[in-house]
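Geometric and topological summary
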Protein chains: 2
Amino acid sequence: MKIGEVATRSGCHPETVRYYERIGLLPAPPRTASGYRDYRSTDVDRLRFISRGRDLGFSLEEIRSLLGLAEDDGLSCQDVDRLARVHLVDIQARLGDLQRMAAELERVIGSCSGGERGQCVILDTLRRPLTSTEK
Amino acid sequence: MKIGEVATRSGCHPETVRYYERIGLLPAPPRTASGYRDYRSTDVDRLRFISRGRDLGFSLEEIRSLLGLAEDDGLSCQDVDRLARVHLVDIQARLGDLQRMAAELERVIGSCSGGERGQCVILDTLRRPLTSTEK
DNA sequence: CTAAAGTCTGTAGCCGCTACAGGGTCAAGC
DNA sequence: GCTTGACCCTGTAGCGGCTACAGACTTTAG
């Protein structure tokens, strides 16, 4: 199977597949006589695993760990769980940041559209120091 | 005022201040005889504006526009409002993505801790194609 | 047989910083 | 006056996670 097919089946671009190989996330496949990469279906599985991890917001380094843990069958389930929990905390923090941003933006956009001539509330907000609603 | 003081007062690192100058977001200040940058307080204001914009999740390019709009006094309030609204939509999209991620992670973490021996639910989730709850 | 599509390597760019290395300058203390 | 340390300067490289070339090759379809 050539890289194009692998790309289609895994949903990763060919450049991304080569990139994952370069950083050691996907093993280098054998080559055909003319130098083309020759993949098997386990490579597609691995790429799907990576892609799915990315969808869940894991970094490539986290995914590297998860792949390692998935490899060694044994009692690594706790490690996986721990990694997922740490990651969830991370995501929740970013979520909080974004929610504060959105709330603040909604506030100023609301004031602006209803505002009367005068100064632009959004620009004023940017000029003023942080309000108490934020970190 | 030297760069260190400007950095302290604006809350940006000196390297960041120089970076903003390099990309043309902050005008290059005059220099002292020995080549040190010599800022005035308007520069601190501008940096605070940028920093506040970053806190609200605007990109530096968006901030560049906002600075431009803030400069030319006139009827640019609508432009500011439009930019803010577009940005809010952006943020809300990212918010949705993160919420889906968090929900999915919570689901699998829950199953895992309560699960019985067998396979690790988290790794299984990563191996399986996307579920219907996701994009 | 030719043209298009795919593949190869290597390199550079994106964003928003951050962190050096290797120098110069300035203020305080002895 | 001289040293020490803190600051400042320029220029460059790195981070993550790709993406997009350029310029060469091979394979495939018509």
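Going by an unreviewed UniProt entry, chain A carries the name MerR family transcriptional regulator and comes from Steroidobacter denitrificans.

What follows deals with the relation of the copies chain A and chain B. For these two chains of identical sequence, chain A goes onto chain B by a turn of 180 degrees and a shift of 0.0 Å along the axis, with RMSD 0.1 Å. Seen this way, the second copy is the image of the first under a two-fold rotation axis. Closest approach to the rotation axis among the C-alpha atoms of chain A is made by A:L95, whose C-alpha sits 3.2 Å away. An overlap of 100% is found between the interface residues of chain A and their copies at the interface of chain B, pointing to a shared contact surface.

This part is about the side chain of B:E104. Along the chain, B:E104 falls in helix α5 (residues 77-114). Overall, B:E104 belongs to the buried group, its relative accessible area being 3%. At 2.9 Å, the side chain of B:E104 forms a polar contact with the side chain of A:R52.

Our focus in this paragraph is the protein's contact with DNA strand C. Surveying the vicinity of DNA strand C reveals 18 residues, the closest of which are A:G4, A:R18, A:Y36, A:R37 and B:Y20. Counting only atoms of DNA strand C within 4 Å of the protein, the fraction found in sugar and phosphate groups is 78%. The contact in question runs from a phosphate oxygen of DNA strand C to an N or O atom on the side chain of B:Y20, over 2.7 Å. Contacts to DNA strand C include B:Y36, whose side-chain N or O atom sits 2.8 Å from a base nitrogen. Among the elements of the structure, α1 (3-10) of chain A together with α2 (14-22) of chain B are those that each provide at least two residues to the surface near DNA strand C. The greatest single-element share of the surface near DNA strand C, amounting to four residues, is contributed by α2(B). Among the residues forming the surface near DNA strand C, the class breakdown is six nonpolar, six polar and six charged.

Bringing the protein's contact with DNA strand D into the picture now. Among the 18 residues in the neighbourhood of DNA strand D, the closest are listed as A:Y20, A:S34, B:G4, B:R18 and B:R37. Within 4 Å of the protein, atoms of DNA strand D come from sugar and phosphate in 86% of cases. Between DNA strand D and the protein, one listed contact pairs a phosphate oxygen with a side-chain N or O atom of A:S34 at 2.7 Å. Contacts to DNA strand D include B:R31, whose side-chain N or O atom sits 2.8 Å from a phosphate oxygen. Only α2 (14-22) of chain A together with α1 (3-10) of chain B provide two or more residues apiece to the surface near DNA strand D. No other element matches the three residues that α2(A) contributes to the surface near DNA strand D. By residue class, the composition of the surface near DNA strand D is six nonpolar, six polar and six charged.

Residue and element names in this part refer to chain B. As a packed pair, helix α3 (residues 41-55) and helix α4 (residues 60-71) sit with axes 10 Å apart at the nearest point and diverge in direction by 130 degrees. The angle between α3 and α4 falls in the class oblique. In the packing of α3 onto α4, the handedness of the crossing is right-handed. Touching R46, F49, I50, G53 and R54 of α3 are L60, I63, L66, L67, A70 and E71, all from α4.

All names here are of chain B. Among the residues of α1, I3, V6, A7 and S10 are the ones counted as buried. Looking straight down α1, one finds that the buried residues subtend no more than 100 degrees of arc, so they occupy a single side. In this structure, the buried side of α1 is in contact with α2 and α3. G11 lies just past α1 and shows a positive phi near 85 degrees.

The rules behind each value
- Residues numbered from 1 in each chain as written.
- Chains lettered and ligands numbered in written order.
- Predicted model: local features only at pLDDT ≥ 70, side-chain atom pairs only at ≥ 80, totals over all residues.
- Heavy atoms only, no water.
- Least-squares fit on C-alpha atoms with pLDDT ≥ 70 in both.
- Contact = heavy atoms within 4.5 Å.
- Helix = DSSP H or I, 4+ residues; strand = E, 2+ residues; numbered from the N terminus.
- Buried < 20%, exposed > 50% of the residue type's maximum accessible area, 1.4 Å probe, protein only.
- Polar contact = N/O pair within 3.5 Å; in protein donor to acceptor, adjacent residues only side chain to side chain.
- Near = heavy atom within 4 Å.
- Nonpolar A, V, L, I, M, F, W, Y, C, P; charged D, E, K, R; others polar.
- Axes fitted to C-alpha atoms, helices over the stretch in contact; angles between N-to-C directions.
- Parallel < 35°, antiparallel > 145°, perpendicular 65-115°, else oblique.
- Left-handed = near helix turned anticlockwise from the far one by under 90°.
- Arc of directions from axis to C-beta.

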